[in-house]
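Chains, contacts and geometry: an overview
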Amino acid sequence: MASLSFTTGIRLELFWLHLFLVWMTTTAQIRYTIPEELSVGSIVGRIAKDLGLDLSEISDRKLRVASEAEHFSVDLGKGNLLVSDRIDREELCSHSNSCMIPLEVIIESPLQLYRVEVEIQDINDNSPSFHSKEHTLKIAESTAPGVRFSLASAQDPDVGSNSLKTYTISKNEHFTLNVKDLGDGRKVPELVLDKFLDREKQAVHHLLLTALDGGNPANSGTAQIIITVLDNNDNNPVFDSALYKATVKENSALGTSVLKVEATDLDEGSNGEIEYSFGEHTPDSVRSIFQIEPQSGQISLNGVVDYETAHTYRVTVIARDKGSPEMEGETTVQIDVADVNDNPPEIILTSQPSPVREDVPNGTVVALIRVRDPDTGDNGKVRVNIQPKVPFTLKPSFSSNYALVTNGALDREKFADYNIEISASDFGSPPLTSQRVIPVRILDVNDNAPRFSQSAYNVYVFENNTPGSIIYSVSASDGDIEENSKITYSVLESKVQDVTVASYVYINSDNGSIFSMSAFDYEKTKVFQILVQAKDQGSPPLTSNATVHVFVLDQNDNVPAVIYPSSSMGCVSHQRMPRSAKMGHLVTKVTAVDADSGHNAWISYRLAEATDSSLFAVNLYTGEVRTKRSVSEQDDASQRLLIEIKDNGEPVQSTTVTVDILIEDGLHEPISDFRQKSVEKDKKNSKLTFYLILSLASVSVLSLLTFFILLIKCARNSRGNASCCIRRDSDGYKNPNRNLQIQLNTDGPIKYVEVLGGDMMSQSQSFGSYLSPMSEFSDLTLVKPSSTLDFKDTLRGLDASLPDSAWTFECQQQKPPNNDWRLPPNQRPGPSGAGPLPEGAGVVAGTGPWPNPPTEAEQLQALMAGANVSEATATMGPRYNAQYVPDYRQNVYIPGSTATLTANPQQPPQQALPPPQAMPPTDAPKAAQTPASKKKSTKKDKK
């Protein structure tokens, strides 16, 4: 009890004495020194401070000790390394002089590994102890002084100064104690006979053997020595060698012979018979592995020998005779264990792999591993390999530690998870190999922009659609996952005809459905673009765009609009014609346009009602009103025509126009009266005519003079040439296509002369000359060089030769024609099969292509026709923008004539119908019919 209390006091004193922490770093390592048997919760060191970490980083970076270190833990609150379990140095390091516990400290974000060593200092917490508390010796009384008897040695687990130091024996008169040092740190007590024994005086001697260690205070252990004095057996067994050595492989089978010891005894009989046995202080662990044959001294294996457990075994063998008293001798057997490559390498995962973002740079640490092989030599050398074709590699750290780091680009969309196989093999023969699979999960990064199925979409929508209806749906896909793949759709801000696109469409941000905000009108908007953007929810978000082309399809929602006769003339158009008109006489021309396009805009004309249907006919395609026969005396002077104009759409849209035709006799007489009145009203007209004649004469003279000059020059230059009519330029280009063409129309009340000149490859020039209705006496009204498309100034000149009330001009704004009218002449629809004839077309007078939108020239010709038959009143119709209007001079109709003028210098005038018979000269009609003018008409005029 006293010894126990003494030991406890020593432990407490040593605890307070060694409660200090010494740390040092060598090659990025930290070392602490602590005594053993520290209480649980004691501080080993301030590891966070030693690693240079703030207290706030400890928890975030998950500072911890590897799972194999069961005796220590980290206080995350204060950053201290604590003792978490009882530390017994003797249990951890046995009899090793140095006891070092390696720790692996791990911190994350980024993942780092630190090596920490904790040195465990020994304290004198163990007392020496004997395997047996009693030891019996039998000594013959005849034994001479100086003979030594080995005693059982004591064991002390402590090391260093705290280990077993010496032995003492109780005082007696016959024996002394000698301590024998075996050279490996062990000390064996020997009892030395100092004086002869006398069995008759004392047959049994009791001695107390005490073992002391070197601690302060020293601990001790005792054993009772009982000596029995015997009669003489004066020779001890003697071994051949004081030390036997043998080697055995660790994978040897049970029963394998290790070696054989042999001793001799000079005595005879039973005193010379020897039995072998292990010494009394042999540990049980050795007895479980080895056995000795008592008669032969053969030592063999009785258990499994493991080099990794113990490299060497030292065993004491006793040889004892059967004399009385028994005599014995002893020897030491050293058995070395030979290492065999029987342990495969072990792969230890120091830290669990953490998920890795797919955009991490090369060299990012994913996990820490350690490899160990308990074998020695080449059997313990390990090489580590990683499976090929993975973006990871192993980076050596220190003492068989490796870091699994990235070594290539990661793409979660291709590989979301990796199962990395790591193999370790030693250099033994044969080599042993082990594998371990480390799973690594790849975290998604928003590196994929949404992708539309098409870069551009074409959407076709009929006009007059229902507002709020869906017109199309776009969709995009994203290779990422979770929030990075959630897509929202939007329409980028843009304008359609100066109106924001948001006024036209709306897009559902979740599914990409596009809805109309209003009804579309083909006549206002034929096509517009929507720029749709798809954006994901990543950080930062990625976007992509797609263009949606919305084509508005035409519906037949517009009624044909009548251009001539103009609505300003009233609901009824009044026209005049002479009674002398022959078959095919052009009375008037009805012109209409349709704001729709395609088949919906194809217009046909039909004579719905007529006072005399046998007298007039309307051309199905051009709207020309002509006589089907010559006018007779029996025909009514007043004729009314109801002309139906309809398109080719579905459903058919139509309108009507009423034309009143007044058939008059002797239209030439009012012209002379009108001429006299006009001369009296304004004498400036004759002056203007004079000036115009003078201008024309001047131009003619200049033209003639220029012609002669060119002719003379050509003749001079062509003396050495075959031809004098063609001049070769410096580049060798010939221009034989320049010519002049004069087209004259004398049919009807309006006289028209056009002089055309120009190249086939260049813009033609024309000289237009117009004779007013009262020009039967060759009064030249206007001479003006002009373009065939410019009639406004010409009309002004014509207006100057008429009374102020004769012409009325109105300008009406008209929408641009449909794109279908832009087709070239050979692609325009017509009677050849472009479309079916409208139902109820009636009699067709004349031939020609399907009607095209009228040009300015055609409208003005129609107006001049109106000036001829409807009280000399003309209305200028709508004008077309030049960018929409092709050149329609190829088909110009002259009112009152069957001739068709052409603007193509190479094409002769077309004849719609056979020309009428020559008509006698007639006077121009009056500006307005009056009762006075009716009285002046005579029968001769009528004939």
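Counting its secondary structure elements, the protein chain contains eleven helices and 61 strands. Considering the protein chain as a whole, with its 943 residues, one finds that 44% of them fall into the buried category. A sequence separation of at least 24 residues applies to 66% of the contacts in the protein chain between residues at least 6 apart. Taken as a whole, the protein chain presents about 48800 Å² of accessible surface, with 52% of it coming from carbon and sulfur.

Our focus in this paragraph is the pattern of salt bridges. The full count for this structure, using the stated rule, is 25 salt bridges. Among the salt bridges present, the one from R412 reaches E413, with a minimum N-O distance of 3.3 Å. Take E413: its relative accessible area is 26%, and that puts it in the partly exposed class. Among the ionic pairs, R629 bridges to D612, the shortest N-O distance being 3.1 Å. With R629 in the loop between β52 (624-627) and β53 (638-647) and D612 in the loop between β50 (603-610) and β51 (616-618), this residue pair connects regions lying 17 residues apart in the sequence. Look at R629 and you get partly exposed, because its relative accessible area is 25%. Connected through salt bridges with shared partners, the residues E37, R86 and D88 form a single ionic network.

What follows is about the packing of aromatic side chains. Aromatic ring pairs: the centre-centre distance and the angle between the two ring planes describe each pair. In total, this model carries 14 aromatic pairs according to the counting rule given. For the pair F290 and Y313, a centre-to-centre distance of 5.3 Å together with 75° between the ring planes defines the contact as edge-to-face. Here the residue F290 occupies a position in strand β23 (residues 290-292), and Y313 occupies one in strand β25 (residues 312-321), the gap between them amounting to 23 residues. Note on accessibility: F290 and Y313 belong to one class, buried. Residues F392 and Y418 carry aromatic rings whose centres are separated by 5.3 Å and whose planes lie at 75° to one another, so their mutual orientation is edge-to-face. In this pair, F392 sits in strand β31 (residues 392-396) while Y418 sits in strand β33 (residues 417-426), placing the two residues 26 residues apart along the sequence. Pairwise contacts between aromatic rings join F392, F415 and Y418 into one cluster. The ring centre of F427 lies 4.6 Å from the NZ or CZ of R383, which sits over that ring. Lying across the ring of Y522, K526 places its NZ or CZ 5.0 Å from the centre.

This next bit is on a nonpolar patch on the surface. Together, L704, F707, F708 and L711 line one region of the surface with nonpolar side chains, adding up to about 410 Å² of accessible area. With respect to the helices, strands and loops of the structure, F708 is situated in helix α7 (residues 684-717). Residue F708 is classed as partly exposed on the basis of its relative accessible area of 43%.

Here R370 shows up in strand β29 (residues 365-372). Within the structure, R370 has its side chain in polar contact with the side chain of E104 (distance 2.9 Å).

A few words on the state of the cysteines. One pass over the structure, following the stated rule, counts one disulfide. One disulfide bridge connects C93 with C99, the sulfur atoms lying 1.8 Å from each other. Taking the sign of the S-S torsion, 60° for the link of C93 and C99, the bridge is right-handed. Residue class for C93 comes out buried when judged on its relative accessible area of 15%.

In space, the three strands of this open sheet follow the order β3-β6-β5, with antiparallel pairing throughout. Strand pairing shows two members of the sheet lacking a second neighbour, β3 (43-45) and β5 (72-75), which therefore form its edges. Each strand axis lies, on average, 40° off the axis of its neighbour in the sheet, ignoring direction.

Secondary-structure assignment places D635 in the loop between β52 and β53. Among the residues examined, D635 registers a relative accessible area of 9% and is labelled buried. Apart from the residues lying within four places of it in its own chain, the contact partners of D635 are R579, D612, L615, R629 and S630.

Cis geometry is adopted by the peptide bond preceding P430, which originates at S429 and carries an omega value of 0°. One can find P430 in the loop between β33 and β34 (433-443). In this chain, E650 is followed by P651 through a cis amide linkage whose omega measures 0°. With respect to the helices and strands, P651 occurs in the loop between β53 and β54 (654-664). The phi angle at S400 is positive, at roughly 65°, despite the residue not being glycine. As for its placement among the helices and strands, S400 is situated in the loop between β31 and β32 (401-406).

Assignment of secondary structure puts K582 in the loop between β47 (572-578) and β48 (586-589). According to the relative accessible area criterion, K582 is partly exposed, its value standing at 28%. When the C-alpha positions of K582 and S632 are compared, they lie 9.4 Å apart, and in sequence the two are 50 residues distant.

Here the focus is the pairing of strand β22 (residues 274-278). Consecutive residues of a regular strand have side chains that alternate between opposite faces of the sheet. What you see with β22 is a clean split: I274, Y276 and F278 sit on the buried side and E275 and S277 on the side with no burial. Alignment of β22 against β25, held across five bridges, turns out to be antiparallel. Bridge pairing in β25 places E275 opposite R320.

Judged by pairing direction, the sheet is antiparallel, and its four strands sit side by side in the order β27-β29-β32-β31 without closing on themselves. Strand pairing shows two members of the sheet lacking a second neighbour, β27 (346-351) and β31, which therefore form its edges. This sheet shows a mean twist of 30° between the axes of neighbouring strands, independent of strand direction. Pairing geometry for β29 and β32, over five bridges, is antiparallel. Bridged to I369 within β32 is Y402.

Here we come to the confidence of the model for the protein chain. Per-residue confidence for the protein chain gives a mean pLDDT of 74, with 70% of residues at or over 70. Per-residue pLDDT stays below 50 along residues 1-28; that stretch engages in 36 contacts with residues further than four places along the chain or on separate chains. Confidence drops under a pLDDT of 50 for residues 722-943, and excluding neighbours within four residues, the segment shows 410 contacts in the predicted structure.

It is worth spelling out the pairing of β33 at this point. Taking burial as the measure, the ten residues of β33 include seven buried ones, the bulk of the element. With five bridges joining them, strand β30 (residues 382-386) and β33 adopt antiparallel strand pairing. Each bridged residue has a counterpart across the sheet, and for R383 the counterpart in β33 is S425. Alignment of β33 against β34, held across nine bridges, turns out to be antiparallel. By the bridge assignment, D417 is partnered in β34 with R441.

Mapped onto the secondary structure, H174 falls in the loop between β13 (164-169) and β14 (175-181). Judged by relative accessible area, H174 falls into the buried class, the value being 12%. Along the chain, H174 and K195 lie 21 residues apart, while their C-alpha atoms are 4.9 Å from each other. If near-sequence neighbours (up to four positions away) are discounted, H174 is found in contact with V192, L193, D194, K195, F196, L197 and H205.

Calculation rules
- Residues numbered from 1 in each chain as written.
- Predicted model: local features only at pLDDT ≥ 70, side-chain atom pairs only at ≥ 80, totals over all residues.
- Heavy atoms only, no water.
- Helix = DSSP H or I, 4+ residues; strand = E, 2+ residues; numbered from the N terminus.
- Buried < 20%, exposed > 50% of the residue type's maximum accessible area, 1.4 Å probe, protein only.
- Contact = heavy atoms within 4.5 Å.
- Areas by Shrake-Rupley, 256 points an atom, 1.4 Å probe, with all protein chains shown as cover.
- Salt bridge = Lys/Arg side-chain N within 4 Å of Asp/Glu carboxyl O.
- Phe/Tyr/Trp six-rings, centres within 6.5 Å; stacked < 30°, edge-to-face > 60°.
- Lys NZ or Arg CZ within 6 Å of the ring centre and 35° of its normal.
- Patch = residues over 30% accessible without salt bridge, like charges linked within 9 Å, V, L, I, M, F, W, Y side chains within 5 Å.
- Polar contact = N/O pair within 3.5 Å; in protein donor to acceptor, adjacent residues only side chain to side chain.
- Disulfide = S-S within 2.5 Å.
- Pairing = 2+ DSSP bridges.
- Axes fitted to C-alpha atoms, helices over the stretch in contact; angles between N-to-C directions.
- pLDDT = per-residue confidence, 0-100.

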